[in-house]
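Structure assessment
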Amino acid sequence: MTEYRRVKGTRDLLPPETAVWAAVEATARRVFGLYGYQEVRTPLLEHTELFVRTVGESTDIVGKEMYTFPDRKGRSLTLRPENTAPVARAFLEGGLQSGPLPVKLFYVGPQFRYERPQKGRYRQFHQIGAELLGDASPWSDAELLLMLDRFLRELGFTELEVLLNTVGDAASRRAYSEALRGYLQPHAEALGADSKRRLDTNPLRILDSKDPKERELLAGAPALADHLTDAARAHFATVCEALDDFGVKYKVSDRLVRGLDYYTDTVFEIVSRDLGAQDALVGGGRYDELVADLGGPRVPGIGFAIGEDRLIEVLPASFRQRAAAAPSVLVVPIGTVPAALALKVGEELRGAGLAVEVEAAGRALRKALERAGRLGARWVVLLGEDEVGREAVTVKDLKDGEQREVPRGALAAWLATRTESA
Ligand code: AMP
């Protein structure tokens, strides 16, 4: 054991698992591209104030989970705990609001939250997210959810549950916050410290509470659905109808309010029964006030973030198998045939686009075949002294065990056609 260990709550992603991550990300890029999304890359570091202002002071993220530190000049910086606020900042700072709208952006990368590590919960975790800025129509909500649904289906998921709700527009939220505060105030003594504080700052947050006593109290609370403005109600109805039309299954969950302050109207989560306690795979929603809160014009937006660590944890085996990249060919020199010739044949085959391992260690044939099996190679190219003299090689197909002689000049084309159809 070395004395150097990774920081608690972080992970090393090692091969062959990294190939699975890359395949998931390639699928996201391809599917999101079909909907016109382009990649955005923002810094891991932001000014702390960005998150305080947008995610909200009363949230767990800002209250206790951020990696915040002063830089050498004493400015407060934070490792991003989420990426919607940074993307909205970059959108404004890049002047994208003056170009054609909507702007559709996706990102892939690490986020940082100082949470208690457990299965499915890390201090550095990874998200794949998408943000659509500049369109307030409920059809944008529906299209974004269709994109998410298509992505998850392409990965082979079938059993995920989509939870959908609306937190209403700003006017609905104000009305509901008052009603909830009015209901909870007489019971303030029964609330925990966090919830008591939130009673003043943001009573909606209390709905997230996991405390059994508070949950009991909340069962009798006024419903958000009864405080929606007509506009908010109509927006949500259209989103639901659109999803019905396209056969996307969802469950309306009126307790779902999401942990961040910037959400308006549609909010959603996707959960997986295979995940255990940390069962949320995707979180998202509309944020029509966020860009204005950052000092910009009122640009409505909607987006989601997929927890990539958790997604890969429950990834269907079918996709995992397709993602496992194995070299297709192992080249083995036999007897006195020099490793240099094996390397040369390897280079010829790589030039034809084949993934090749060259056996340079001079192993016995049996050991070399064992290695081919371990590597998951499909073909072994044997360079025996006799064949080399005839400018030929022996190719063994590990799938059916068949062996045949192929002229060396024809080898690359011979393998390439058969590997494509394999
Ligand atoms: P949120 O916006 O906080 O709901 O995050 C979106 C998604 O990111 C969640 O549904 C999780 O899948 C994932 N996520 C959030 N926090 C963590 C964490 N600490 N470790 C792993 N995944 C996380």
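Here, the structure is the one placed above.
About the criteria used
- Residues numbered from 1 in each chain as written.
- Predicted model: local features only at pLDDT ≥ 70, side-chain atom pairs only at ≥ 80, totals over all residues.
- Heavy atoms only, no water.
- Pairing = 2+ DSSP bridges.
- Helix = DSSP H or I, 4+ residues; strand = E, 2+ residues; numbered from the N terminus.
- Axes fitted to C-alpha atoms, helices over the stretch in contact; angles between N-to-C directions.
- Phe/Tyr/Trp six-rings, centres within 6.5 Å; stacked < 30°, edge-to-face > 60°.
- Buried < 20%, exposed > 50% of the residue type's maximum accessible area, 1.4 Å probe, protein only.
- Near = heavy atom within 4 Å.
- Polar contact = N/O pair within 3.5 Å; in protein donor to acceptor, adjacent residues only side chain to side chain.
- Areas by Shrake-Rupley, 256 points an atom, 1.4 Å probe, with all protein chains shown as cover.
- Nonpolar A, V, L, I, M, F, W, Y, C, P; charged D, E, K, R; others polar.
- Salt bridge = Lys/Arg side-chain N within 4 Å of Asp/Glu carboxyl O.

Right, let's get into the sheet that holds strand E14 (residues 379–383). Across the sheet, which stays open at both edges, the five strands sit in the order E13-E12-E14-E15-E16 with mixed pairing between neighbours. Of all the strands in the sheet, just strand E13 (356–358) and strand E16 (403–407) have a single pairing partner and so form its edges. Direction aside, neighbouring strands of the sheet carry axes that sit 25° apart on average. With four bridges joining them, E14 and strand E15 (residues 392–397) adopt antiparallel strand pairing. Bridge pairing links Trp-379 to Asp-397 in E15.

Across a sheet, strands are paired by hydrogen bonds formed along the backbone, either parallel or antiparallel in direction. On the basis of which strands lie adjacent, the open sheet formed by three strands has the order E2-E4-E3 and antiparallel pairing. Each having just a single partner strand, strand E2 (45–47) and strand E3 (67–70) make up the two edges of the open sheet. The sheet shows a mean angle of 35° between the axes of neighbouring strands, direction not considered. Relative to strand E4 (residues 76–79), E2 is paired through three bridges, and the arrangement is antiparallel.

The subject of this paragraph is the packing of aromatic side chains. Enumeration according to the criterion identifies seven aromatic pairs in this entry. Ring geometry for Tyr-67 versus Tyr-114: centroids 5.6 Å apart, planes at 70°, classification edge-to-face. Here Tyr-67 is found in strand E3, whereas its partner Tyr-114 is found in the loop between strand E5 (103–112) and strand E6 (124–133), with 47 residues between them in sequence. Judged by relative accessible area, which is 44%, Tyr-114 ranks as partly exposed. Both rings, one in Tyr-262 and one in Tyr-287, keep their centres 5.9 Å apart while their planes meet at 75°; by these two values the pair is edge-to-face.

Moving on to the site of the ligand. Neighbouring residues of the ligand: 15 residues in total, closest Arg-113, Glu-115, Tyr-122, Arg-258 and Ala-280. Contacts to the ligand include Glu-115, whose side-chain N or O atom sits 2.7 Å from a nitrogen atom. Between Gly-307 and the ligand, the recorded distance is 3.5 Å, taken from a backbone N or O atom to an oxygen atom. Relative to its unbound accessible surface of 480 Å², the ligand loses 92% to contact with the protein. Going through the elements one at a time, E6, strand E10 (280–286) and strand E11 (301–307) are the ones with two or more residues in the shell around the ligand. Examining the composition of the shell around the ligand, we find that four residues originate from one element, E10, more than from any other. Grouping the amino acids of the shell around the ligand by side-chain chemistry returns six nonpolar, four polar and five charged.

This model, assessed by the stated rule, comprises 30 salt bridges. Among the ionic pairs, Arg-29 bridges to Glu-39, the shortest N-O distance being 2.8 Å. Remark: Glu-39 occurs in strand E1 (residues 38–39) and Arg-29 occurs in helix H1 (residues 17–34); sequence separation between them is 10 residues. Looking at Arg-29, the relative accessible area reads 33%, which means it is partly exposed. Among the residues examined, Glu-39 registers a relative accessible area of 30% and is labelled partly exposed. A salt bridge links Lys-196 to Glu-189, with the nearest nitrogen and oxygen atoms 4.0 Å apart. Residue Lys-196 is classed as partly exposed on the basis of its relative accessible area, which comes to 34%. Overall, the relative accessible area of 68% leaves Glu-189 in the exposed class.

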